[in-house]
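# Observations on the model geometry
Letter by letter, the chains look like this.
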Amino acid sequence: MKQYFFYLIICTLLVSSCARNKDNITPEGIAYEVTFVGNWTAANHPTDYPGNAHFSPVTGLSFKNFGVLFLEGAIASKGIQEMAETGETGKLVREIRNIINKENDGYDLVLADGPTMSGSDSISFEIIINEEHPNVTLVSMIAPSPDWFVSTGIINLFGVDEVTVPALVYDAGTDSGITFTSEDLETDPQGVVEPIVSAPLGDGTSIAEPVAFFRFKKIE
Ligand SMILES: [Ca+2]
């Protein structure tokens, strides 16, 4: 009988946890202040540097195991495609809510929707993790660009007090434009998500200077 009540309590906790997420209320857990630090300037990245360089709203989630928003070498989701091509986050947010509510793998949805960030602006926001959901993935469009975006990749924050990581830079494989202001040119058939290493952002083998950094600091 004791065991029965134990499971009843656990289930109640799980249900209320899901309910919080469905209601779009911040879940309980370990809070981190995330600072997105833009480093995309004409001085750092002179090749084809566009006049209105900026980043779209930073979007992402904390998750357990499989809540990845994209994988290198795999086809991008519609949400990643829309974010990478236009900066819009509607489809991506729906995908994240699905990971949280239906797949029971995601935990906290982040949408740092504020004033448009120039290439060198910073923005801070919070994300919640817990021991069961220690992983974080965040993304933002490099704008203007054909289908290029920055990401944290997958970072496990459990037990981490503070860490700063350079933004990884990806091509979503959905538009074949070759520079920031190229006309729309749908990639048909759709390619896969790949790290960007070539111009105008890279030197052929890597991105010499990160276009942004993500700083995570545990809130005590
Ligand atoms: Ca592309």
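Residues numbered from 1 in each chain as written. Predicted model: local features only at pLDDT ≥ 70, side-chain atom pairs only at ≥ 80, totals over all residues.

## Describing the overall build of the protein chain
Selection rule: Numbered from the N terminus, helices here are DSSP runs of H or I no shorter than four residues, and strands are runs of E no shorter than two. Labels follow a simple rule on C-beta atoms placed from the backbone: if 20 or more others lie within 10 Å of a residue's own, it is buried; if 12 or fewer, it is exposed; otherwise it is partly exposed. A pair of residues counts as a contact when their C-beta atoms, built from backbone coordinates, are separated by no more than 7 Å.
Within the protein chain, the regular secondary structure consists of 3 helices and 13 strands. Looking at the protein chain as a whole, 37% of its 220 residues are labelled buried. Partitioning the intrachain contacts of the protein chain with sequence separation of at least 6 by distance along the chain shows that 67% fall at a separation of at least 24.

## A closer look at the pairing of strand E7 (residues 135-143)
For the record, the criterion: Strands are labelled as partners when DSSP assigns at least two bridges between them.
The buried count for E7 comes to 9 of 9 residues, which makes it a mostly enclosed element. When strand E2 (residues 54-55) meets E7, the two strands line up antiparallel, connected through 2 bridges. Bridge pairing in E7 links Phe55 to Ile142. Where strand E3 (residues 58-63) meets E7, 5 bridges bridge the pair, whose relative direction is antiparallel. Among the inter-strand pairings, Gly60 is bridged to a residue of E7, identified as Leu138. Bridge count between E7 and strand E9 (residues 155-156): 2 bridges; the pairing is antiparallel. Across the sheet, residue Asn135 finds its bridge partner in E9, namely Asn156. With 3 bridges joining them, E7 and strand E8 (residues 148-151) adopt antiparallel strand pairing.

## A word on unusual backbone geometry
Of the consecutive residues Ala143 and Pro144, the connecting peptide bond is found in the cis state with omega at -5 degrees. Mapped onto the fold, Pro144 is located in the loop between E7 and E8. Of note, the amide linkage connecting Ala199 to Pro200 takes the cis form, showing an omega dihedral of 10 degrees. Tracing the chain through its elements places Pro200 in the loop between strand E12 (194-195) and strand E13 (212-218).

## Description of the environment of Gly119
Within the secondary structure, Gly119 sits in the loop between strand E5 (117-118) and strand E6 (122-129). Given 21 C-beta atoms within a 10 Å radius, Gly119 is considered buried. Distance from Gly119 to Ala53, taken between C-alpha atoms, is 5.3 Å for residues 66 residues apart in sequence. Setting aside chain neighbours within four positions, we find Gly119 in contact with Gly38, Trp40, Thr41, Ala53 and His54.

## Describing the sheet that holds E13
Formally: The axes are straight lines fitted to the C-alpha atoms, using for helices just the contacting stretch, and the angles between their N-to-C directions are given from 0 to 180°.
If you trace the 4 strands from one edge of the open sheet to the other, you get E6-E1-E13-E10, paired in antiparallel fashion. Only two strands of the sheet have a single neighbouring strand rather than two, namely E6 and strand E10 (162-166). Neighbour-to-neighbour, the strand axes of this sheet turn through a mean angle of 20 degrees, independent of strand direction. Note: strand E1 (residues 30-38) against E6, 8 bridges, orientation antiparallel. Bridge pairing links Ile30 to Ile129 in E6.

## Some remarks on helix H2 (residues 78-86)
For H2, the buried fraction is high: 7 of the 9 residues fall into the buried class. For H2, the secondary structure elements touched by its buried residues are E3, helix H3 (90-101), E7 and E8. Following H2 by one or two positions, Gly87 has its phi on the positive side, about 85 degrees.

## Digging into the confidence of the model for the protein chain
For any part of a model where pLDDT is low, the fine detail of the predicted coordinates should not be relied upon. The test is simple: The quantity known as pLDDT measures the predictor's confidence residue by residue, on a range of 0 to 100.
Counting all residues, the mean pLDDT for the protein chain is 89, and 88% of those residues have values of 70 or more. Low pLDDT (under 50) marks residues 1-22, which in the prediction has 8 contacts with non-local residues, meaning those over four places away or in another chain.

## Quick look at the environment of Tyr32
Assignment of secondary structure puts Tyr32 in strand E1. As a C-alpha pair, Tyr32 and Phe216 span 184 residues in sequence and 6.0 Å in three-dimensional space. Non-local contacts of Tyr32, meaning those with residues more than four positions away in its chain, are made with Glu126, Ile127, Ile129, Leu157, Phe216, Lys217, Lys218 and Ile219.

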